[in-house]
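# Observations on chain architecture
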Amino acid sequence: MFVMKSAVKLRGFPRCLSHFVPFPASVSTKLSTTSLPLGPPLGVRFLASQDASRKRPMLMEFPQIVWPSIVKTVRNWIMVSLIIRPYFDHDFRIPDFVLGAKHALHVVSSALAGGETKQLEGLVDRTALNDVKQSLSKMSVAERYDIAVDKEDVYFSFPYQVGIMFDESEDDSQKRFVEITMVFHVLRGLKGMIERGEPVPLNVGTLPEFRDKISICNYRFIKEFTKGVESDWTINVVNHFKPSDYLDQ
């Protein structure tokens with residue numbers, strides 16, 4: 001749990017996400033998965049010393065988050081149950097939030113893969129979008145194409161951290177923001193495999209033929225909850241990476 005007073009200019013976050021999905025303000029600490037009983041995937045080990053030349057360019061400089069934290073999960077529950085729902089929004093629910101977040105993942109990643117960053121203005125924070133544009137310019141066509149995510153290919157997702165920020169830097173009113181970091185595990189082609197009735201191994205993350213098809217996405221959402229202010233969720237962190245780039249081979 002983090003509660004922070006900051007002089008950072010937070011006023012300028014654009015209204016968004018309502019453009020492409022009814023994005024109910026909701027959150028929880030339960031893990032969200034598809035009906036496929038894959039369970040936690042990827043028995044992989046990250047190596048800081050791995051040759052950096054093998055890694056795909058990162059969209060943003062952001063810590064790579066893979067698994068839930070037990071401590072943060074408990075703190076998230078406290079945040080939601082004792083602060084957000086009682087004082088910010090009585091309708092805060094994680095199932096609605098996760099569904100909206102998955103849809104946002106699909107829309108944003110598809111636009112980035114197609115180089116259509118202009119349509120993300122107002123949906124992704126301006127500073128984050130500028131960082132992403134610079135990263136995209138360094139990627140090959142194949143690397144950009146690999147960014148696109150079909151939400152039906154997400155097989156494991158969870159809110160990693162829920163934070164509340166207060167800002168009293170400009171006037172006497174206290175601005176309130178909720179920030180949620182989401183993690184998505186993606187298996188490219190999962191939707192097609194299920195539709196064709198193909199079996200998906202429970203240890204899919206450890207099989208060589210699937211490793212390069214697995215990616216992890218970290219997205220961070222923020223919304224202002226200042227009393228009397230109407231706001232929508234925006235995205236201020238967009239990051240995709242492949243665990244296979246960090247395997248000790």
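It should be noted that the structure appears before, not after, this text.
Note that the structure is a prediction, hence the values are computed from the model and not measured. (Residues numbered from 1 in each chain as written. Predicted model: local features only at pLDDT ≥ 70, side-chain atom pairs only at ≥ 80, totals over all residues. Heavy atoms only, no water.)

## A short note on the overall build of the protein chain
- What the protein chain contains, in helices and strands, is six helices and six strands.
- Listed N to C, the secondary structure of the protein chain is β-β-α-α-α-α-β-β-α-α-β-β in terms of helices and strands.
- Looking at the protein chain as a whole, 51% of its 249 residues qualify as buried.
- In the protein chain, the proportion of contacts linking residues at least 24 apart, taken out of those at least 6 apart, comes to 80%. (Helix = DSSP H or I, 4+ residues; strand = E, 2+ residues; numbered from the N terminus. Buried < 20%, exposed > 50% of the residue type's maximum accessible area, 1.4 Å probe, protein only. Contact = heavy atoms within 4.5 Å.)

## Thoughts on helix 3 (residues 126-136)
- When we look at burial in helix 3, the residues that qualify are A128, L129, V132, S135 and L136. With its buried residues spanning 120 degrees around the axis, helix 3 presents them on a single face. Facing away from the buried side of helix 3 by over 90 degrees, the exposed positions are R126, T127 and Q134. (Arc of directions from axis to C-beta.)

## As for the nonpolar core
- If you look at the biggest cluster of nonpolar residues, it comprises 42 residues, and the most contacted ones within it are L112, V178, F184, Y219, F221 and V238.
- Those elements giving two or more residues to this core turn out to be helix 1 (70-88), helix 2 (94-113), helix 3, strand 3 (154-167), strand 4 (175-187), strand 5 (214-224) and strand 6 (234-241).
- Of the residues forming this core, the biggest block, nine residues, is contributed by helix 2.
- Among residues more than four places away in sequence, those in contact with Y219 are L105, V108, S109, I180, T181, M182, F184, I235, V237, V238, N239 and H240.
- Ranked by size, the runner-up nonpolar core spans 20 residues in total, among them I65, L187, I216 and F241. (Core = buried A, V, L, I, M, F, W, Y, C linked by side-chain atoms within 4.5 Å.)

## What to know about the packing of aromatic side chains
- Tallied over the entire structure, the rule returns nine aromatic pairs.
- Ring centres 5.7 Å apart and planes at 20 degrees place the aromatic pair F88 and F225 in the stacked group. One end of the pair, F88, is in helix 1; the other, F225, is in the loop between strand 5 and strand 6, and 137 residues separate them in sequence. Like F225, F88 is buried.
- Ring centres 6.2 Å apart and planes at 90 degrees place the aromatic pair F184 and Y219 in the edge-to-face group. With F184 in strand 4 and Y219 in strand 5, this residue pair connects regions lying 35 residues apart in the sequence.
- Relative accessible area serves as the criterion here: at 0%, F184 is assigned to the buried category. (Phe/Tyr/Trp six-rings, centres within 6.5 Å; stacked < 30°, edge-to-face > 60°.)

## A short note on the pattern of salt bridges
- One pass over the structure, following the stated rule, counts six salt bridges.
- As a salt-bridge pair, D146 and K242 come within 3.2 Å of each other at their nearest N and O atoms. Here D146, found in the loop between helix 4 (141-145) and strand 3, pairs with K242, found in the segment after strand 6; they are 96 residues apart in sequence, far enough to count as distant.
- Under the relative-accessibility criterion, K242 is labelled buried at 4%.
- Residues K191 and D150 are paired through a salt bridge, measuring 3.9 Å at the closest nitrogen-oxygen approach. On the criterion of sequence distance, the pair formed by K191 in helix 5 (residues 190-195) and D150 in the loop between helix 4 and strand 3 is long-range, its members being 41 residues apart.
- Look at D150 and you get partly exposed, because its relative accessible area is 27%.
- Each of D146, R188 and K242 takes part in salt bridges that share partners, so that together they form one network. (Salt bridge = Lys/Arg side-chain N within 4 Å of Asp/Glu carboxyl O.)

## Notes on the side chain of R176
- By the secondary structure assignment, R176 is in strand 4.
- The side chain of R176 is buried and forms no salt bridge, while E224, the nearest opposite charge, is found at 8.2 Å.
- Not counting residues within four places of it along the chain, the set of residues in contact with R176 comprises Y87, F88, M165, F166, K223, E224, F225, T226 and K227. (Lys, Arg positive; Asp, Glu negative; His and termini not counted.)

None of the figures reported here should be taken as evidence of function without further support.
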